[in-house]
Amino acid sequence: MPGSSQFDAALHVLTTLCAAGYEAYLAGGCVRDLLLGREPDDYDVATNATPDVVLDMFPRTFAVGAHFGVVLVATDCETVTTNQKSAPPQVVTEVATFRSDGVYSDGRRPDVVHYTQSAADDVQRRDFTINGLLLDALQATDLWTSPDALRTVVVDHVGGLADLDAGILRAIGEPVKRFEEDLLRLLRAVRFAARFGFKIEPATQAAMRTCAQRIAAVSRERVRDELTKMLTEGHARRAFELLDETGLLGEVLPEIARMKGVEQPPQYHPEGDVWTHTLMLLEQLEAGCALTLAWGALLHDVGKPPTFTRTDRVRFNGHVEVGVAMGAAICR
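### Comments concerning the overall build of the protein
Moving on, step 1. Looking only at helices and strands, one finds 17 helices and 13 strands in the protein.
Moving on, step 2. Over its C-alpha atoms, taken along the principal directions, the protein stretches across nearly 80 × 45 × 35 Å.
Moving on, step 3. Per-residue burial for the protein yields a buried fraction of 49% across its 332 residues.
Moving on, step 4. Taking the contacts inside the protein whose residues are at least 6 apart along the sequence as the reference set, 65% of them involve residues at least 24 apart.
Moving on, step 5. Charge centroids of the protein, computed over 33 positive and 46 negative side chains, lie 6 Å from each other.

### With respect to the pattern of salt bridges
Moving on, step 1. Taken as a whole, this structure holds 23 salt bridges when the rule is applied.
Moving on, step 2. Close ionic contact of R170 with E201 constitutes a salt bridge, the shortest N to O distance being 4.0 Å. With R170 in the loop between β10 (168-169) and α7 (175-181) and E201 in the loop between β11 (199-200) and α9 (202-211), this pair connects stretches of sequence that are 31 residues apart.
Moving on, step 3. On the basis of relative accessibility, which here comes to 15%, the residue E201 falls in the buried class.
Moving on, step 4. If you follow the salt bridges from partner to partner, you end up with R237, R238, E241, E245 and E283 in one network.

### Re the layout of surface pockets
Moving on, step 1. Size it by volume and the second largest pocket reaches roughly 580 Å³.
Moving on, step 2. Around the second largest pocket, the lining comprises 21 residues; the ones closest to its centre are R220, V223, V252, L253 and I330.
Moving on, step 3. Contributing elements (two or more residues each) for the lining of the second largest pocket: α10 (220-232), α12 (249-252), α13 (254-257), α15 (291-299) and α17 (319-331).
Moving on, step 4. Per-element tally for the lining of the second largest pocket: the top contributor is α10, with six residues.

### Digging into the sheet that holds strand β1 (residues 24-27)
Moving on, step 1. Strand order across the open sheet formed by seven strands is β3-β4-β5-β2-β1-β8-β9, with mixed pairing between neighbours. Every interior strand has two partners, whereas the edge strands, β3 (61-65) and β9 (154-155), have only one.
Moving on, step 2. Direction of pairing for strand β8 (residues 134-135) relative to β9: antiparallel, over a ladder of two bridges. By the bridge assignment, L135 is partnered in β9 with V154.

### Description of the packing of aromatic side chains
Moving on, step 1. Evaluation of the coordinates by the stated rule reveals six aromatic pairs.
Moving on, step 2. Taking 6.2 Å as the distance between ring centres and 85° as the angle between the ring planes, the aromatic pair formed by F128 and F192 counts as edge-to-face. Residue F128 is found in the loop between α4 (119-123) and β8, and its partner F192 is found in helix α8 (residues 185-196); the two are separated by 64 residues along the sequence. In this structure, F128 and F192 share a single accessibility class: buried.
Moving on, step 3. Ring geometry for F192 versus F196: centroids 6.3 Å apart, planes at 15°, classification stacked. Placement of the pair is F192 and F196 together in helix α8, with a separation of four residues, close to one helical turn.
Moving on, step 4. Aromatic rings pair up to connect F128, F179, F192, F196 and F198 into one cluster.

### Some details on a nonpolar patch on the surface
Moving on, step 1. On the surface, F62, V64 and V92 cluster together into a nonpolar patch covering about 270 Å² of accessible area.
Moving on, step 2. Relative to the elements of secondary structure, V92 occurs in strand β5 (residues 90-97).

Cut-offs and rules
Residues numbered from 1 in each chain as written. Predicted model: local features only at pLDDT ≥ 70, side-chain atom pairs only at ≥ 80, totals over all residues. Heavy atoms only, no water. Helix = DSSP H or I, 4+ residues; strand = E, 2+ residues; numbered from the N terminus. Buried < 20%, exposed > 50% of the residue type's maximum accessible area, 1.4 Å probe, protein only. Contact = heavy atoms within 4.5 Å. Lys, Arg positive; Asp, Glu negative; His and termini not counted. Charge placed at Lys NZ, Arg CZ, Asp CG, Glu CD. Salt bridge = Lys/Arg side-chain N within 4 Å of Asp/Glu carboxyl O. 1 Å grid on protein atoms, 1.4 Å probe; cavity = no way out; pocket = protein on both sides within 12 Å on 5 of 7 lines; lining within 4 Å. Points joined across faces, edges and corners; volume = space filled by probe spheres on them. Pairing = 2+ DSSP bridges. Phe/Tyr/Trp six-rings, centres within 6.5 Å; stacked < 30°, edge-to-face > 60°. Patch = residues over 30% accessible without salt bridge, like charges linked within 9 Å, V, L, I, M, F, W, Y side chains within 5 Å. Areas by Shrake-Rupley, 256 points an atom, 1.4 Å probe, with all protein chains shown as cover.

Honestly, it's all geometry; don't read function into it.
Structure follows, in structure tokens:
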């Protein structure tokens, strides 16, 4: 059984909801990670209990997303059994009510949500099949010994298990619609595919290219956070290759896209152009590296494309100073 206070808190929430007669599951990325043999960063719960019920059922809650069916439940560590020697005083679990979403007019959040009693309806609104799996954790008491054993208590309405086995990232339902609902999913698709070494399903990748120009509607802060994760999760080269293949690179970091085809002196850079050189450096970034190192690696030659000249040989006069100014602007 996973040994973290986050898991214990989620299990406490599940037990409380089910004891009151409600349906409740672990949902989303935590299920995916458990099936891949990874320790999840956090555990989310999906239930048919409505937000007002959840707010009343637990002594300490936060209605930060109640309009969208989401309530945060804070659990005292003394309330649950934890294997951690020094756990934080409280752990927060996100609890989401089964729902279907209305129109996403802002490309981020639904204008209206409709609660449902059906878990099958709920997962249809989620992003990718590997994130649309549910886990009946209360039935998994003796099954935590291996990911294969856990599969027997997974509820799969979207074909996520098959895609997980095949190493495929696939949007749930109609891909363009999924991305139009939340355009940040374009970058999340790249990050997940790079992190897990998955292939992006052709229709999903085609939809990403179709929607790529609309990524400008996403706030700079959300874009920054996704790019930073791509750079620091240990698969930065693949992530940036996918950004390029899907047309997203030129939209979010046109300065990096301009590195492609910029020749370098072969006697100093036999590897090829500035883009290839940068990819080779990104490939050396380890998981968990400092974000300053990661962004520095990405931007260290950003000044070369605008300073490219050919005299006696290819030169980049002043590229360091130009690159410092460009890097500062990008980081701002």
